[in-house]
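# Commentary on secondary and tertiary structure
Now for the letters of each chain:
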Amino acid sequence: MERLYDAVILGAGVAGSAMAHALAGRGWRTLVVERGGTPRHKVCGEFLSPESRSSLNALGLDEIVGRLPACPIEAVRIVAASGRQLRFGLTEPALGVSRPELDGALLRSARERGAELLDETTALSVAPEGGRLRIEARGRRDAGERTLYARAVIGAWGRRAPAGLAGQAGARPRQAGGERVGWKVHLEGVRTEPEVELYFFAGGYVGIAPVGEQTANVAALVDAAFLREAGADPREWLRLAAARSPAFGRRIAGSRAVAGTGKAVAPVRIGRGPRAWEGRVALIGDAAMVVPPLCGDGMAMALRSAELCAPLADEYLRGRSSLEQWGRAYEEALRKPFADPARWGRLLQTALGRPALASLLVGLGGAAPELARRAFRATRLPPPPSPR
Ligand SMILES: Cc1cc2nc3c(=O)[nH]c(=O)nc-3n(C[C@H](O)[C@H](O)[C@H](O)COP(=O)(O)OP(=O)(O)OC[C@H]3O[C@@H](n4cnc5c(N)ncnc54)[C@H](O)[C@@H]3O)c2cc1C
């Protein structure tokens, strides 16, 4: 017998699991469809910014995240290719937290509230059918096709849309200045500091954040030639990054890559957006907008979009608003806080990727720290409006 869900959420990352937690908690029959296994390592700096705190509170996820093994991060250090450095404190601490820990905890709490999970299953397309939405999906284990039905579908699929929607949301413009790729790996035996360190060089940067005692996460955004040269071995990624930034090389000397934690993705395209809808599918997280990774605010934005979308989806499911009303309200709510920080983030990421300019900016920031703080603040998600 076919099963009609109130909400089907496509993707079990930060955005999808937070949304499932919110909707299942409101009593809706909720299904999460996830292409991969859960939880798993993902390409991410694992810097959970202070801007995520208000959304975690609003979504009732603060205690769950508070119990995770995590490291406080109190400052940002920027190191230009010339070796020039700039360090400034965060007004509120961030957290260094491993993605499998975070994603796993969010998904578990959604399931404890009654959300169902269909993992190892890829959503292929979504189409309206007789007042509801039909989702076609394919399981990896049995390679079987599945048809699911829902009253509402939420796209939380990250940077790349399912094939059946790829002509629309998936068709992101090519990146000006060449394609970027991302990678990450955990390091053991490295000195950890309560700060996130960003080492810039021609064509990209690599960041280090503490995620455990003597364990750090290293993540990078680099030009496509980097992975062509380094291949698939995370130890080669580290070696090549160290060659491009000697300061980074000295920083990680004597450490070891943790087996099974290396991940790479290509391409990483930064969107303009935000884009709140794809047809009748509401978009959250990276599906709505890929912010420049340099902002370290992608997870905060994923949580904020779930926070904004969940009450509107709830009103729709209760029959108190139409899809059009949900559509307009969500689009408006998303546009305001997302557009400006992403614009500043793009600008800074591009400028710091040019060695001479990076050295100049770092020097300027050192001489005028308030200017550096203001530039950093411009990339941050603004606080949510206080409830009326
Ligand atoms: C190099 C780099 C460094 C970064 N560093 C940081 C940082 O330090 N701090 C920060 O906050 N953000 C950072 N980000 C951004 C952050 O990783 C993302 O913004 C965040 O993961 C978005 O969460 P999400 O839930 O939208 O997407 P994801 O976490 O990508 O989750 C999407 C999920 O959907 C699943 N999926 C995809 N397609 C389908 C399908 N067709 N059917 C079913 N499931 C599907 C995927 O398997 C995945 O599990 C970084 C990004 C990069 C590239």
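Below: a short report on this structure.

What counts as what
Residues numbered from 1 in each chain as written. Predicted model: local features only at pLDDT ≥ 70, side-chain atom pairs only at ≥ 80, totals over all residues. Heavy atoms only, no water. Buried < 20%, exposed > 50% of the residue type's maximum accessible area, 1.4 Å probe, protein only. Helix = DSSP H or I, 4+ residues; strand = E, 2+ residues; numbered from the N terminus. Pairing = 2+ DSSP bridges. Axes fitted to C-alpha atoms, helices over the stretch in contact; angles between N-to-C directions. Parallel < 35°, antiparallel > 145°, perpendicular 65-115°, else oblique. Left-handed = near helix turned anticlockwise from the far one by under 90°. Contact = heavy atoms within 4.5 Å. Nonpolar A, V, L, I, M, F, W, Y, C, P; charged D, E, K, R; others polar. Salt bridge = Lys/Arg side-chain N within 4 Å of Asp/Glu carboxyl O.

Further remarks concern the pairing of strand 10 (residues 180–188). Among the 9 residues of strand 10, 7 are classified as buried, and the element is accordingly described as predominantly covered. Two elements, strand 10 and strand 13 (residues 215–223), share 9 bridges in a ladder whose sense is antiparallel. Looking across to strand 13, one finds that Val181 is bridged to Val222. Judged from the 3 bridges that link them, strand 10 and strand 15 (residues 263–265) form a sheet pairing that is antiparallel. When the sheet's bridge partners are listed, Trp183 is paired in strand 15 with Ala264.

Our next topic: the packing of helix 1 (residues 14–25) against helix 8 (residues 298–317). For the pair helix 1 and helix 8, the least separation of the axes is 8 Å and the interaxial angle reads 30°. Here helix 8 runs roughly parallel to helix 1, going by the angle between their axes. The hand of the helix 1/helix 8 crossing is right-handed. On the side of helix 1, the interface is formed by Val14, Ala15, Ala18, Met19, Ala22 and Leu23, while helix 8 contributes Met299, Ala302, Leu303, Ala306, Cys309, Ala310 and Ala313. Looking at side-chain class alone, the contact of helix 1 with helix 8 contains 13 nonpolar, no polar and no charged residues.

Examined against the element boundaries, Thr30 turns out to sit in strand 2 (residues 30–33). On the basis of relative accessible area, Thr30 is assigned to the buried category, the value being 1%. Setting aside its immediate chain neighbours within four residues, Thr30 contacts Tyr5, Ala7, Ile9, Ala20, Leu23, Ala24, Gly114, Ala115 and Glu116.

Moving on: the pattern of salt bridges. Applying the stated criterion across every chain, the model contains 34 salt bridges. Close ionic contact of Arg134 with Glu129 constitutes a salt bridge, the shortest N to O distance being 2.5 Å. Notably, a salt bridge pairs Asp340 with Arg343, separated by 2.3 Å at the nearest N-O pair. Of this pair, Asp340 and Arg343 both sit in helix 9 (residues 323–352), 3 residues apart, which is roughly one turn of the helix. Through salt bridges with shared partners, one network takes in Glu129, Arg132, Arg134 and Glu136.

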